[in-house]
Amino acid sequence: MTWSLNKMLASLHADIERRLQTVRDTIGHPGVLGDGSEAIWLELLERYLPERYSVARAHVIDSLDNISQQIDVVVFDRQYTPFIFVVEGQKVIPAESVYAVFEAKQVANAAHVKYAQEKTASVRRLHRTSLPIPHAGGTFAAKPPIRILGGLLTLDSDWSPAFGDAAEKALKADVGDGVLDLGCIASHGHFVRGGDAFTFFPEAKPATAFLFKLISMLQFSGTVPMIDVDAYARWLQHSD
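Predicted model, so just to flag it, every value in this text is computed and none were measured.

Asks: Account for the pairing of strand 11 (residues 182-185), naming residues and giving values.
Replies: With burial as the criterion, each face of strand 11 is covered, one bearing L182 and C184 and the other bearing G183 and I185. Pairing geometry for strand 11 and strand 12 (residues 189-194), over four bridges, is antiparallel. Residue pairing for strand 12: C184 is matched across the bridge by H190. Counted along the chain from strand 11 to the antiparallel partner strand 12, the turn is three residues long.

This is how it looks when you write it as structure tokens:
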């Protein structure tokens, strides 16, 4: 057998694009269609991200009892996260553990970018605790919470071209709490934010390129802060 890195990377993208297209072509119900697309992206990240990360569809909650909108794809810490709530099959994840959030849609357009921005903002606005970290020689100061990445994942685009002025205008409509950092349009390419600008990468293997870029960005995110479990435990004292 002759191994080829190029062929392996191409095969990974082709598999994702084929499965997304199959879901789009064969499932008629919008809700089921959305669930199918989310499942493909979730499986991709669950399989290829380092084991320190977990991936799930979930809500995110903070110690002040604020909760995000439902997020299609949440990349979160599992190694240092002491609890994940599961309520009737729905996961609820503490805000301190979140690395990245993504909205998964069939197509990219201005409405879906805005929706992804709103969902990203609903997570970033949550309160996050951070405790000093004890070690053999004393205590490290509490680290500031990491910046949560936000993005959009789709198969196709309503824009023509997929990466043009319309796409850039939609992405720049929110440069505050909802700003998106990266995303993938599996049939066309991926995008990355750098400073105040967005760079678009039209290419032949978008899903693979996006995956590698996400891993690279997560490497530079560092580790989530040490969660203050007592801040959550205080809710045990409430009568309701």
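Resuming the write-up.
Asks: A description of helix 5 (residues 206-221) should follow, citing residues and the corresponding values.
Replies: Taking 1.5 Å per residue as the helical rise, helix 5 with its 16 residues ought to reach 22 Å, and the 22 Å between its terminal C-alpha atoms agrees with that figure. Where helix 5 is concerned, the buried positions are P206, A207, T208, F210, L211, L214, M217, L218 and S221. Count one or two residues on from helix 5 and you reach G222, which has phi positive near 80°.

Asks: Which residues make up the sheet that holds strand 1 (residues 53-61), and what values do they have?
Replies: Taken together, the nine strands give an open sheet; going across it, the order is 3-4-1-2-5-9-11-12-13, and neighbouring strands pair in mixed fashion. The open sheet terminates on both sides in strands that have one partner only, identified here as strand 3 (85-87) and strand 13 (197-202). For this sheet the average axis-to-axis angle between neighbouring strands, irrespective of direction, equals 35°. On the sheet, helix 3 (residues 110-124) packs against strand 1, strand 2 (71-77), strand 5 (98-104) and strand 9 (149-154) and is oriented at approximately 150° with respect to strand 9.

Asks: Can you tell me about the packing of aromatic side chains, naming the residues and giving the values?
Replies: Under the definition given, this model contains eight aromatic pairs. Plain terms: the ring middles of Y53 and Y99 are 4.9 Å apart, the flat faces sit at 80° to each other, and that makes the pair edge-to-face. Separated by 46 residues along the polypeptide, Y53 in strand 1 and Y99 in strand 5 bring together distant segments of the chain. For Y53, a relative accessible area of 6% translates into the label buried. A relative accessible area of 0% means that Y99 is categorised as buried. Cluster of aromatic residues (ring-pair linked, three or more members): F163, F191, F198 and F200.

Asks: Just give me the short version of the pattern of salt bridges, but keep the residues and values in it.
Replies: Evaluated as defined, the whole model comprises 10 salt bridges. A salt bridge links R47 to E43; the shortest N-O distance between them is 2.9 Å. In this pair, R47 and E43 both sit in helix 2 (residues 30-48), four residues apart, roughly one turn of the helix. For D181, the salt bridge goes to R193, with nearest N and O atoms at 3.5 Å. Here D181, found in the loop between helix 4 (165-171) and strand 11, pairs with R193, found in strand 12; they are 12 residues apart in sequence, far enough to count as distant. We classify D181 as buried; its relative accessible area is 3%. Residue classification places R193 among the partly exposed positions, given a relative accessible area of 24%. Look at the salt bridges and you will find they share partners, linking R124, R147, D181 and R193 into a network.

Rules behind the numbers
Residues numbered from 1 in each chain as written. Predicted model: local features only at pLDDT ≥ 70, side-chain atom pairs only at ≥ 80, totals over all residues. Heavy atoms only, no water. Buried < 20%, exposed > 50% of the residue type's maximum accessible area, 1.4 Å probe, protein only. Helix = DSSP H or I, 4+ residues; strand = E, 2+ residues; numbered from the N terminus. Pairing = 2+ DSSP bridges. Expected span 1.5 Å × (residues − 1). Axes fitted to C-alpha atoms, helices over the stretch in contact; angles between N-to-C directions. Contact = heavy atoms within 4.5 Å. Phe/Tyr/Trp six-rings, centres within 6.5 Å; stacked < 30°, edge-to-face > 60°. Salt bridge = Lys/Arg side-chain N within 4 Å of Asp/Glu carboxyl O.

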